[in-house]
Number of protein chains: 2
Amino acid sequence: MKSDIEIAQETTLKPINEIATSLGLVEEDWEPYGRTKAKLSANLQEKLEHRPDGKVILVTSINPTPAGEGKSTVTVGLGQALNKLGKKAIIALREPSLGPVMGLKGGAAGGGYSQVLPMEDINLHFTGDLHAITAANNALSALIDNHIHRGNKLQIDPRRVEWNRVLDMNDRALRQVVVGLGGPARGVPREDSFSITVASEIMAVLCLAKDLHDLKRRLKSIVIGYTYDEDPVTVEDLEAEGALTVLLKEALRPNLVQTTENTPAIIHGGPFANIAHGCNSIIATSSAAKLGDYVVTEAGFGADLGAEKFLNIKSRAGKIQPRAVVIVATIRALKMHGGVKKSELKEENVEAISTGVANLEKHIETIKSFGLPFVVAINKFPTDTQNEIDFLKEWCTNNKVEVALTDVWQNGGAGGLELAEKVVKAADEPTADFKHTYSLEDPLEEKIRKIAQTVYGANDIVLSKKASNQISYFEKQGWGNLPVCMAKTQYALSDDPTQIGRPTGFTIQIRELRASIGAGFIVVLTGDVLTMPGLPQHPAALNMDVTDDGRIAGLF
Amino acid sequence: MKSDIEIAQETTLKPINEIATSLGLVEEDWEPYGRTKAKLSANLQEKLEHRPDGKVILVTSINPTPAGEGKSTVTVGLGQALNKLGKKAIIALREPSLGPVMGLKGGAAGGGYSQVLPMEDINLHFTGDLHAITAANNALSALIDNHIHRGNKLQIDPRRVEWNRVLDMNDRALRQVVVGLGGPARGVPREDSFSITVASEIMAVLCLAKDLHDLKRRLKSIVIGYTYDEDPVTVEDLEAEGALTVLLKEALRPNLVQTTENTPAIIHGGPFANIAHGCNSIIATSSAAKLGDYVVTEAGFGADLGAEKFLNIKSRAGKIQPRAVVIVATIRALKMHGGVKKSELKEENVEAISTGVANLEKHIETIKSFGLPFVVAINKFPTDTQNEIDFLKEWCTNNKVEVALTDVWQNGGAGGLELAEKVVKAADEPTADFKHTYSLEDPLEEKIRKIAQTVYGANDIVLSKKASNQISYFEKQGWGNLPVCMAKTQYALSDDPTQIGRPTGFTIQIRELRASIGAGFIVVLTGDVLTMPGLPQHPAALNMDVTDDGRIAGLF
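Quick caveat, the model's predicted, so the values are computed rather than measured.

What counts and what doesn't
Here the residue numbering is sequential within each chain, running from 1 through the sequence in written order. Each chain gets a letter, beginning with A, and each ligand a number, beginning with 1, in the order they are written. Where local features are concerned, this predicted model is filtered to residues with pLDDT of at least 70; where side-chain atom pairs are given and counted, the filter is 80 or more; whole-chain, interface and lining totals use all residues. To obtain the side-chain values, all non-hydrogen atoms of the structure were used and water was disregarded. Numbering of helices and strands runs from the N terminus, with a helix taken as a DSSP run of H or I at least four residues long and a strand as a DSSP run of E at least two residues long. Note on method: radius of gyration uses C-alpha positions; expected globular size equals 2.2 Å times residues raised to 0.38. When a residue's accessible area, from a 1.4 Å probe over protein chains only, is under 20% of the maximum for its type it is buried; when over 50% it is exposed; and in between it is partly exposed. In this analysis, two residues are considered to be in contact whenever any of their non-hydrogen atoms come within 4.5 Å of each other. All accessible-area figures derive from a Shrake-Rupley calculation using a 1.4 Å probe, and residue coverage is judged against the displayed protein chains alone. Throughout, the accessible surface (probe 1.4 Å) given up by two parts as they are put together, summed over both, is called the buried area. We define a salt bridge as a contact between a side-chain nitrogen of Lys or Arg and a carboxyl oxygen of Asp or Glu at a distance within 4 Å. Pairs of N or O atoms within 3.5 Å make up the polar contacts considered here, provided that, within protein, one atom can donate a hydrogen while the other can accept it, and that residues adjacent in sequence are counted only when both atoms are side-chain atoms. UniProt positions are given in the numbering used here, feature names are shortened, and annotations may be inferred rather than shown by experiment. For this overlay, a least-squares fit was computed on C-alpha atoms, restricted to residues scoring pLDDT of at least 70 in both copies. Throughout, nonpolar core names a set of buried Ala, Val, Leu, Ile, Met, Phe, Trp, Tyr and Cys residues whose side chains join them through atoms within 4.5 Å. Side-chain rings of Phe, Tyr and Trp, where Trp is taken by its six-membered ring, are said to pair if the distance between their centres is within 6.5 Å; with planes under 30 degrees apart they count as stacked, over 60 as edge-to-face, and otherwise as tilted. Cysteine sulfur pairs qualify as disulfides if the two atoms are within 2.5 Å. The pairing criterion for strands is at least two bridges between them, as found by DSSP. In this description, a line fitted to the C-alpha atoms serves as the axis of each element, helices being fitted only across the stretch in contact, and the angle between N-to-C directions of two axes falls anywhere from 0 to 180 degrees.

S.K.: Which parts of the structure should I look at to understand the overall build of chain A?
M.R.: Broken down by element type, chain A carries 20 helices and 26 strands. Relative to the compact-globule value of 24 Å for 556 residues, chain A shows a C-alpha radius of gyration of 23 Å, a close match. Within the span of chain A, comprising 556 residues, buried residues form 65% of the whole. For chain A, restricting intrachain contacts to residue pairs at least 6 apart in sequence, the fraction spanning at least 24 positions comes to 75%. Per element, the accessible surface of chain A, about 19000 Å² overall, is 47% carbon and sulfur.

Encoded structure:
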């Protein structure tokens, strides 16, 4: 079997101007970055404002397992399949982060014959958006420490600086550091930490901004920490929003590429799906909707995190409402949810599926709670047996759920035609029933409870003393009307990653809150959330090389 | 008077394909990055190998002062002037670092009507080369700490890790840090520091590499620290050279832009001029030489640092020999070297010039010691008086030195015609006399002594105990045949920045050495060298903004 990078390097890409032209774009609407990548112009959205919106299709999944679900691959494959049906479809994906590429084998550009290309560029520096976010984030850090060092007019409490530095690297040694050591010439010593770039609030800001003006407005309102009197300190207080906007100006423009079958794809932004909302940018999704009849886009992790946040946060900020949802499941992953070990996944086990399918069942209920039509996509793996597939299909039929088997890794768009047909049908249904999980007027505690009960299936929530105090403080600051952004393990519906399948009778422990005022949401932490990954025993980086003829090898 | 950014934004740029075509390049030779920037293809050098080399003109200066010398501006102006004379000239410059752009007002893209454009892009993220270097540097750091954390098979002594992290930001709080805090899950605590990206050895490696193959070879041989037994540990020992090459593959390709008068300019690489060699890349200079009849390039700081290193390090590594040197001086700076305070520079003071000119005199002697023809360029400022200019011209005539007054900030190429004519004449002279300051076979101590005596005018050098021990250790490792890279204050010929003008009777104190084996030189530190700048009381960042119509304001 060929590897992703081998398939990618054998694919003939169209020049990006052909892709742009196929979307009806003229030269002023885009700028090339190399011959097969482009950035859309800053004013394209404004120019297309009068056009009707294409239908947004949201791809989500069951809770991820080590078996793999292939959500990005199905997203790309579905877009290609829609094109094969004669629809004008565009794919809208997140930008991969460099850190995990160096760490564990596996990127975020789809796979097999359903990839976005050039995959090497997309997985490495691409058009520099993440580097720009790193620079902006760390410029702000430098300005904060410089302010404290030079008299601290704002009376920032160095113990209460919430803004940390970032690097786009898996680097565990930077999780907890002390900066400013070495005497008066080297600033004021304080504890700090580095997160990975995609965890920067600036990433969330960029992805939720409607335009350059909105970007600056959001940057301004970022709370970087608190004074000795425990008042919030903002970017505006530091007068830094202009410089940050300058650094992010180009990164705000979405990137245009193509898939293995030359279907247009817009790849832009990629916030964490725990401490942030885990979706590509509003500008990218909105632009794609103006350029295509269908936009296929995905949200991070399972439906309990990514889809919930897409539908409660991104949907509100960008006035984007999906017309249909695809829930990706695999036989392998359902077996794991049914208790099978990874080493035994190759053996047929219908009974395990009959238990594990409860995880899928809960996510179906969640999507129903939003009032949206949906299709279950079974993403086929070579080890799946006919009995297993038949069981899952029958389960869907018995539960009156539309289901389609897809084989897009192996067959590209041709492997997703059934799914595409069912998605088109679903997207034609009326969506008058669309509703959010909570109202913005609900108190913060009530919002959290509604998500825990409706989306996770919990009995209730339990607030720590700290979380309780923070809710009072945040509501006093006028932040009570913001949506909440749940940071929970992606591996389970509850806050305990070992509770696979469909746990019941549990409560969600709320440990702590964080104010992401620029992004426009309150982050709610359940348990420990790691915002800086580490490298494994044998990092993927050690397999990489450039061949003598200049090709990248060992990337995947 | 208009600002640099105002002049830049009023200039009509040619599409980059026109610039490329004017150089005889076809589509496969370059890739666009936006409409006015391009990267040259990786195999262009190979393709042009058979062509004769154009003449390389090296622009250097007297010791820098707060009055400003305008070396980059003269470099750009001279290239434009050569084109006005009907010569096919290309400019080869360094890439600016983002940190200082955010810190102090002033970029590194020339000024007035002698700028490289688009100056906003060039001074911000440009084509991402510096970001790629940051990523590669910090990937190596993460791999080192991960290796130590996971059993430390190579027995790296955490107290002797010489490889530090970098950010392209002026951030004093990162000068001295402790990483790996927080218990066993967060690695092994150790002291570390962050330098600014341009101080990374990877920047020097990229700038001295002849091609991708040479890049990987140099990366391999980087010494990242020492074992408990004090043996060197290399990137090859860590098996990381493949990943670093993957990360740097695109950054190795030179960038093509244009000047305010549409003269082609290749901008690529920008290593520190103290702990590194301070010149743009060998690939850029060599490619430019294949594409033009004249290449105008510059080296960092004054002739005692930048030109010395160009002629002893870059010249050897790249087999590049300048045909003529331009020594830039200003009336203002010579007055400062004559003892005038910055606040009194506007007043005529011929006597101060008659003292300060001794600084110029020493640099002239230095260039003569290399056996190269040269021209002194007086870079005109509005406050210069006729008496002052006459004095300096007469001094040159009396000393049989070719001199030309230039006014390229105000008048572009037209302000540099006299200089261009004299440079063309100088470059026609035979250069059989070219010689380096030292032989590679000289012991390290002798190399340092020869530079100190010939280039700085010192009586002798004084080695610290540490430096002495390091020389023995380095020579035992087989590193004794490498060139040396002096890290000395740029403000004076001696190692004391207050000794302006032309100090005599001094010795150079050698504090410490560092092994930059990948770059291929031994760094020699005289006094403290800061590799991470700080932000000033009022950082330039605070003046920056993006206007409602999307233009960058307040950058300069």
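S.K.: Can you walk me through the interface of chain A and chain B in this structure?
M.R.: Many analyses report the size of an interface as the accessible area lost when the parts associate. Across the contact, 67 residues belong to chain A and 67 residues belong to chain B. The junction of chain A with chain B conceals about 6100 Å² of combined surface from both sides, 62% of it contributed by carbon and sulfur atoms. Three residues, R35(A), R172(A) and V246(A), lead the burial of chain A against chain B; their summed loss comes to 11% of the area buried on that side. Linking K216(A) and D545(B) is a salt bridge whose minimum nitrogen-to-oxygen distance equals 2.7 Å. The interface formed by chain A and chain B contains 33 residue pairs in polar contact (both at pLDDT 80 or more). Among the secondary structure elements, those contributing two or more residues to the side of chain A that touches chain B are β1 (30-32), α5 (98-103), α7 (129-149), β8 (165-167), β9 (177-179), α9 (212-220), α11 (241-248) and β25 (545-546) of chain A. Per-element tally for the side of chain A that touches chain B: the top contributor is α7(A), with 10 residues.

S.K.: Sorry if this is basic, but what is going on with the environment of R323(B) here?
M.R.: All names here are of chain B. Locating R323 in the fold gives a position in the loop between α13 (303-318) and β17 (324-329). The exposure class assigned to R323 is partly exposed, which follows from its relative accessible area of 23%. When the C-alpha positions of R323 and E365 are compared, they lie 17 Å apart, and in sequence the two are 42 residues distant. Here A427 takes part through its backbone oxygen, which lies 2.9 Å from a polar atom of the side chain of R323.

S.K.: Explain the UniProt feature "binding site: ATP" (unreviewed entry) in chain A to me, please; I cannot follow it from the model alone.
M.R.: All names here are of chain A. Taking the numbering used here, the UniProt-annotated feature "binding site: ATP" (unreviewed entry) corresponds to T65, P66, A67, G68, E69, G70, K71 and S72. Structurally, P66 is set in the loop between β3 (55-61) and α4 (71-84). Owing to a relative accessible area of 54%, P66 belongs among the exposed residues under this scheme. When near neighbours in sequence (up to four residues on either side) are disregarded, P66 contacts M336 and K342. Along the chain, S72 turns up in helix α4. A relative accessible area of 14% places S72 in the buried class. Non-local contacts of S72, meaning those with residues more than four positions away in its chain, are made with G110 and E298.

S.K.: Any chance you could explain the side chain of S141(B) here in plain terms?
M.R.: Looking at where S141(B) falls in the secondary structure, it is placed in helix α7 (residues 129-149). Exposure remark for S141(B): the relative accessible area of 1% places this residue in the buried category.

S.K.: Would you mind showing me how to read the relation of the copies chain A and chain B here?
M.R.: One copy of the chain maps onto the other through a rotation about an axis plus a displacement along that axis. The two copies are related by a screw operation: chain A maps onto chain B through 180 degrees of rotation and 0.0 Å of translation along the axis, at an RMSD of 0.0 Å. Look at the turn and shift together and you get a two-fold axis relating the two. Of every C-alpha in chain A, the one belonging to Y33(A) sits nearest the axis of rotation, 2.1 Å from it. Taken as a fraction of all interface residues of chain A, those also at the interface in chain B reach 100%, which identifies the copy contact as same-surface.

S.K.: How do you make sense of the nonpolar core when you look at a structure like this?
M.R.: Inside soluble globular proteins, nonpolar side chains tend to come together where they are buried. Counting residues in hydrophobic clusters, the biggest one holds 315 residues, and the most contacted among them are I224(A), L360(A), W479(A), I522(A), I224(B) and L360(B). With residues near it in sequence (within four places) discarded, L360(B) still touches I62(B), I327(B), A329(B), L334(B), V376(B), L392(B) and W395(B).

S.K.: What is the right way to read the packing of aromatic side chains from this model?
M.R.: Centre-to-centre distance and the angle between the planes together describe a pair of aromatic rings. In total, this model carries 10 aromatic pairs over all chains according to the counting rule given. On the numbers, 5.5 Å between centres and 0 degrees between planes, the contact of F194(A) with F194(B) is stacked. With F194(A) in strand β11 (residues 194-196) and F194(B) in strand β11 (residues 194-196), the pair connects residues from two separate chains. Each of the two residues, F194(A) as well as F194(B), counts as buried. Considering the side-chain rings of Y226(B) and Y473(B), the 5.8 Å spacing of their centres and the 75 degrees angle between planes classify their relative orientation as edge-to-face. Here the residue Y226(B) occupies a position in strand β12 (residues 223-227), and Y473(B) occupies one in helix α20 (residues 465-476), the gap between them amounting to 247 residues. Looking at Y226(B), the relative accessible area reads 10%, which means it is buried. Take Y473(B): its relative accessible area is 17%, and that puts it in the buried class. Connected via pairs of aromatic rings, a cluster forms that spans Y226(A), Y473(A), F474(A) and W479(A).

S.K.: Could you clarify how one ought to interpret the side chain of T65(A) in this entry?
M.R.: All names here are of chain A. As for its position among the elements, T65 is in the loop between β3 and α4. At a separation of 3.1 Å, a polar atom in the side chain of T65 contacts the side chain of E69. Once residues lying within four places of it in the same chain are set aside, the contact partners of T65 are A333, M336 and H337.

S.K.: Would you mind showing me how to read the state of the cysteines here?
M.R.: As used here, a disulfide is simply a covalent bond connecting the sulfur atoms of two cysteines. All names here are of chain A. As enumerated under the stated definition, the model contains zero disulfides over all chains in all. Between C279, a cysteine without a disulfide, and C207, which holds the nearest cysteine sulfur, the sulfur-to-sulfur distance is 8.4 Å. Judged by relative accessible area, which is 0%, C279 ranks as buried.

S.K.: When you look at helix α8 (residues 201-208) of chain A in this model, what are you seeing that I'm missing?
M.R.: Given 3.6 residues to a turn, an α-helix orients residues that are three or four positions apart in the same direction. Residues and elements named next belong to chain A. With eight of eight residues buried, α8 lies mostly within the body of the structure. Residues E201, I202, M203, A204, V205, L206, C207 and L208 constitute the buried set of α8. For α8, the side-chain oxygen to backbone nitrogen distance between the N-cap and I202 is 3.0 Å, and the N-cap itself is S200.

S.K.: I keep staring at the sheet that holds strand β7 (residues 156-161) of chain B and nothing clicks. Help me out?
M.R.: Residues and elements named next belong to chain B. Taken in spatial order, the three strands of this open sheet run β7-β12-β13, and their pairing is antiparallel. Either end of the sheet is taken by a strand with one partner, and the two such strands are β7 and β13 (232-234). Here the average twist between neighbouring strands, direction ignored, is 55 degrees. Summarising the sheet, β12 and β13 pair through three bridges and their orientation is antiparallel. Residue pairing across strands places G225 opposite V233, the latter belonging to β13. Running over the sheet, α7 touches β7 and β12 and is turned about 130 degrees from β7.

S.K.: Would you mind showing me how to read unusual backbone geometry here?
M.R.: Across residues other than glycine, the phi torsion is negative in most instances, and most of the peptide bonds are trans. With an omega of 0 degrees, the peptide bond running from L117(A) to P118(A) counts as cis. Along the polypeptide, P118(A) turns up in the loop between β6 (114-117) and α6 (119-123). Not every positive phi belongs to a glycine, and N152(B) is a case in point at roughly 50 degrees. Inspection of the secondary structure puts N152(B) in the loop between α7 and β7. Notably, K400(B) is not glycine yet its phi reads approximately 55 degrees, a positive angle. Judged by relative accessible area, which is 78%, K400(B) ranks as exposed.

S.K.: For this particular structure, what's the right way to read the environment of E351(A)?
M.R.: Structurally, the position occupied by E351(A) is in helix α15 (residues 350-369). Sequence separation between E351(A) and E388(A) is 37 residues, and the spatial gap between their C-alpha atoms is 9.1 Å.

S.K.: What is the right way to look at the pattern of salt bridges in this model?
M.R.: Pairing between side chains becomes possible if they bear opposite charge and their charged atoms approach one another. This structure, assessed with the given rule, holds 72 salt bridges over all chains. With its nearest N and O atoms 2.7 Å apart, the salt bridge here joins D29(A) to K47(A). One end of the pair, D29(A), is in the loop between α2 (16-22) and β1; the other, K47(A), is in helix α3 (residues 44-48), and 18 residues separate them in sequence. A single salt-bridge network, built from bridges that share partners, covers D145(A), R165(A), R190(A), D192(A) and D171(B).

S.K.: Is there a simple way to explain helix α9 (residues 212-220) of chain B in this structure?
M.R.: Listing the buried residues of α9(B) in full gives D214(B), L215(B), K216(B), R218(B) and L219(B). Where the residues of α9(B) are buried, they touch β25 of chain A together with α8 (201-208), α10 (235-238), α11 (241-248) and α13 of chain B.

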